Amino acid sequence: MLCRLDIALKLCSFVFKQLDWQFNDFSRKFKGKRISLKRQIISAQSLNNELMKIAFIGTYPPRECGIGTFTNDLVNSMILPPSGQEEPNEGFVVALNDFTDKYDYPEEVKLTIRQEHQEDYIQAVKFINHSGAEVCVLEHEFGIFGGQNGVYILPLLHRLEVPLIVTLHTILKTPSYNEKAVLQQICKMANKIVVMSHKAIEFLVDIYDVPKERIAFIDHGVPDLQFSSGKSKKEFKLEHKKVLTTFGFIGRNKGIETVIKALPKVIEKHPNVVYMILGKTHPNVLRHSGEEYRIFLMRLVKNLQVEKNVVFLNEYLNVKDLFKYLSATDVYITPYLNESQITSGTLAYAIGVGSAVVSTPYWHAAELLADGRGRLFKFGDSEELSSVLTELLDNPTELNKLKTKAGEYGKRITWPKTGEKYIAIANEAIEQGTKESGKKDTILDLLILPPFSLDHINRLTDDTGIIQHAKFGIPNLKEGYCLDDNARALLMVLMAYKQIKDARSLELSPVYLSYIHYMQNKDGTFRNFLSFSRNYLDEVGSEDSFGRTIWALGYLLGNAPNDAYYQTGRLVFFNAAPHFEKLKSIRSIANSMIGICYYLKANPGDDAMTERLRNMAHKLINQFEENQSPDWQWFESLLAYDNGMLPLSLLHSAEILNEDKVLEVALKSMQFLTEHTLNENYLSIIGNEKWYKKNGERSVFAQQPVDAMAMVLMYHQAFLVTKDKEYLNKLYTSFLWFLGENDLRLSLYDFETKGCCDGFESYGVNRNQGAESSLAYLISHLTVLQAYEEFHKI
């Protein structure tokens, strides 16, 4: 009874979501009128100097992040009463969480977004739209948002119903296609784009085609703090030292080794020099490379015998302590290794304090240190840096001139002054109203998706591989393992790591890859079944299991998370390659073709493999030509199992081969399959009980999750090839089969175990939750997430 009640509640939730979507669609049609009215009201308010309510989106303390510090300072500067206003503005923060997700945020943070969880972005925009906020300020940096190149922020912005101001912290001179597309979309939706260097304006206009009138230049703000140099030196026991400083997150692009290599010559003349390296290793560097760079720097210090002159302070300093260190600094150094730094908060802070700054000529430094506010030296040139430092330390008068000019400029860019400029822009944006994005929605709704969970997969997986069957939600160890499911499992975890950066997925990848490697025979074929006691149960597996394995391995070669897995996958893949064109089963051919396509997308120069793909595609086309008739556009005289995989393989191949015939057969067969499975506004899979023979009766029961997965994948690829968003609607409709939009109106996804039931029979749902069905659900779930992301790129 409880189970039925839970399913009923889920279906009710789905209905309400659909109604909500329809209402939003209706609402959008009249959005122009609502905006016009709101614009008049807000314009009247601004004339009366009314307070404004501001929504801020960005990282935020206590998360240790430069963008977070910037957001915090901006919030404080915009909320505090501006000139002529007695009361503060009102505002709140929507904070971006990284993989840690354990921050104790202050009260102004009203909502958090988990970086790689797409549904959180949709929840956030609904919150903002109903919060009473009159303007939204977004801090943009590619790395803080989820999806490829931070694309997850786009659905939020497309739905935003208040004016938008965007601060761009990174603007690339040579962006990838996706990086450019994402930034262009953001700029189209923004009322005003704020940048912190004039070079950034040039890039936006010339590279990203942003109208110049939409761009505002505002210097990076700096805290309005001043400390005595003498007192700060005394506090840190540096009274008799000449202090050189670099601060910020540590990583190889910072070029700190350039300074260390310059020290011996400086120390010869000024033995009381001490170089302070302040800051932690960047979290992303730490995650992937650990403390490799810091250890390299420490070894370099030791080799050059300057241990007494270099101090590493491995801390993320608060602003007050940081400014004390800067006040104690004689020369501040930013030795970055290349010009590609459009904004540097650390440099702005040093100027704000009035430090004498020496830097390489990256874009922001070249601008900020112009007119005698600092000195520049060539990238990676330790010799030149030694000369510059020695000259300045020899000449206190010249050193003080730099400090004076920097300090004068710093007084102009304090946060109170910066905040006033942002408030002026916010008032302009409110008067303008929202920018129409022109983005039409699909029925894709991430909010009704259950949270992505590997709970049941973890339950089924041991150190050998994934158990193929389950008794209800418990692994059935008696049945052991099979190649099909471990190949599917490898595909799923690779997709999960690529799509949502799921750490557990990366941990599971070698388990499934190791199983595949273990089951390969010397001639390149594969065994399929392995008992729980690790005894082989067959000599050579089915062609279907072979094809599914090549699919997973090909995906690995196109999307490898690291080189070790890539090399193992490549070895197994090419050991099996001689058998590709020997395959007889059309489903095995289809599955193998998909894997080959993933490989070729990453290795387009492999002409031999391209010809293999062409030969296999034409085998399918020949099968189609032999069996098709005006009322039967299919590859066989029956619709059986895994039907969607056949058009899917040709849709993938069409991208590689560019042959009209391949795409023609793919679309014809897909349309035929659609007519027989999706003609009632829900997916009705061909039942495996008796299948559907030409001129025969269609079987309804023994519907299985792998068939629903094949339909989801097929429509996704159709969208990628044709860019027709109607295929996304079909994709989503097919996915809802798992959640109860099916012939029995029963959910196959188990919200308690996080597994998926094995299908449904005439008596109802088969409650066993084996690997095949649960993996089919998760692959489909990840495909919905990917499709949603891709839709918002176009």
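**Some details on the packing of aromatic side chains**
Reasoning step 1: One pass over the full model with this rule turns up 36 aromatic pairs.
Reasoning step 2: Consider the rings of Tyr-555 and Tyr-598, whose centres lie 4.9 Å apart with planes at 75°: the pair is edge-to-face. Within this pair, whereas Tyr-555 is found in helix α21 (residues 543–558), its partner Tyr-598 is found in helix α23 (residues 586–602), the two being separated by 43 residues in sequence.
Reasoning step 3: You can call Tyr-555 buried: its relative accessible area is 5%.
Reasoning step 4: Both rings, one in Tyr-641 and one in Trp-691, keep their centres 6.1 Å apart while their planes meet at 35°; by these two values the pair is tilted.

**What about the pattern of salt bridges?**
Reasoning step 1: According to the stated counting rule, one finds 33 salt bridges in the structure shown.
Reasoning step 2: Of the charged contacts in the structure, one is a salt bridge between Lys-233 and Asp-330, with a shortest N-O distance of 2.8 Å. Here Lys-233 is found in helix α8 (residues 229–235), whereas its partner Asp-330 is found in the loop between α12 (319–327) and β11 (331–334), with 97 residues between them in sequence.
Reasoning step 3: Look at Lys-233 and you get buried, because its relative accessible area is 10%.
Reasoning step 4: Across the pair Glu-581 and Arg-612 runs a salt bridge whose closest N-O atoms are separated by 3.8 Å. Residue Glu-581 is located in the loop between α22 (563–576) and α23, and its partner Arg-612 is located in helix α24 (residues 607–627); the two are separated by 31 residues in the primary sequence.
Reasoning step 5: Residue classification places Glu-581 among the partly exposed positions, given a relative accessible area of 33%.
Reasoning step 6: Beyond isolated ion pairs, a larger network of salt bridges with shared partners links Glu-625, Lys-661, Glu-664 and Lys-668.

**Focus on helix α16 (residues 396–410)**
In an α-helix, one turn spans 3.6 residues; hence positions three or four apart end up facing the same way.
Reasoning step 1: Its 15 residues give α16 an end-to-end C-alpha distance of 21 Å, which sits within 8% of 21 Å, the value for a rise of 1.5 Å per residue.
Reasoning step 2: Within the sequence span of α16, burial applies to Leu-399, Leu-402, Ala-406, Gly-407, Tyr-409 and Gly-410. Along the axis of α16, the buried residues cluster in a sector spanning 160°; they form a single face.
Reasoning step 3: Its buried side turned inward, α16 meets β11, α13 (345–353), β12 (356–359), α14 (363–368), β13 (374–376) and α15 (382–394).

**Remarks on the sheet that holds strand β10 (residues 310–313)**
Reasoning step 1: Spatially, β10-β9-β8-β11-β12-β13 is the arrangement adopted by the six strands of the open sheet, whose pairing is parallel. Of all strands in the sheet, those with a lone pairing partner are β10 and β13, marking the two edges. Averaged over all adjacent pairs, the angle separating strand axes in this sheet is 20°, with direction ignored.
Reasoning step 2: In terms of strand pairing, strand β8 (residues 242–247) meets β11 through two bridges, oriented parallel. For Leu-244, the partnering residue across the bridge sits in β11 and is Val-331.

**A few points about the nonpolar core**
Reasoning step 1: Counting 175 residues, the largest nonpolar core has Leu-204, Met-492 and Phe-580 as its most contacted members.
Reasoning step 2: For this core, the element with the highest residue contribution is helix α29 (residues 771–791), accounting for twelve residues.
Reasoning step 3: Beyond its immediate stretch of four places on either side in the chain, Leu-204 contacts Leu-168, Ile-171, Leu-183, Cys-187, Ile-193, Val-195, Asp-209, Val-210 and Ile-215.
Reasoning step 4: Among the nonpolar cores identified, the runner-up in size contains 31 residues, and Val-222, Val-243, Leu-326 and Tyr-336 belong to it.

**Considering unusual backbone geometry**
Reasoning step 1: Here the bond from Pro-61 into Pro-62 is cis, since omega is 15°, no more than 30 degrees from zero.
Reasoning step 2: Its place among the elements puts Pro-62 in the loop between β1 (53–58) and α3 (66–79).
Reasoning step 3: One non-glycine residue, Lys-237, lies in the positive phi region at around 60°.
Reasoning step 4: As for its position among the elements, Lys-237 is in the loop between α8 and β8.
Reasoning step 5: Given the relative accessible area of 69%, Lys-237 is considered exposed.
Reasoning step 6: Its identity is not glycine, yet Lys-723 carries a phi of approximately 65°, on the positive side.
Reasoning step 7: Tracing the backbone through its elements, the reader meets Lys-723 in the loop between α27 (705–722) and α28 (726–735).

**Observations regarding the sheet that holds strand β4 (residues 135–140)**
Reasoning step 1: With parallel pairing, the seven strands of this open sheet are ordered in space as β3-β2-β1-β4-β5-β6-β7. Edge positions in the sheet fall to β3 (109–114) and β7 (215–217), since each of these pairs with one other strand and no more. The mean angle between the axes of side-by-side strands here comes to 20°, regardless of whether they run parallel or antiparallel.
Reasoning step 2: Against the sheet, helix α6 (residues 177–189) makes contact with β4, β5 (164–168) and β6 (192–195), and its axis sits at roughly 140° relative to β5, the strand it touches most.

Thresholds, definitions, all that
Residues numbered from 1 in each chain as written. Predicted model: local features only at pLDDT ≥ 70, side-chain atom pairs only at ≥ 80, totals over all residues. Heavy atoms only, no water. Phe/Tyr/Trp six-rings, centres within 6.5 Å; stacked < 30°, edge-to-face > 60°. Helix = DSSP H or I, 4+ residues; strand = E, 2+ residues; numbered from the N terminus. Buried < 20%, exposed > 50% of the residue type's maximum accessible area, 1.4 Å probe, protein only. Salt bridge = Lys/Arg side-chain N within 4 Å of Asp/Glu carboxyl O. Expected span 1.5 Å × (residues − 1). Arc of directions from axis to C-beta. Contact = heavy atoms within 4.5 Å. Pairing = 2+ DSSP bridges. Axes fitted to C-alpha atoms, helices over the stretch in contact; angles between N-to-C directions. Core = buried A, V, L, I, M, F, W, Y, C linked by side-chain atoms within 4.5 Å.

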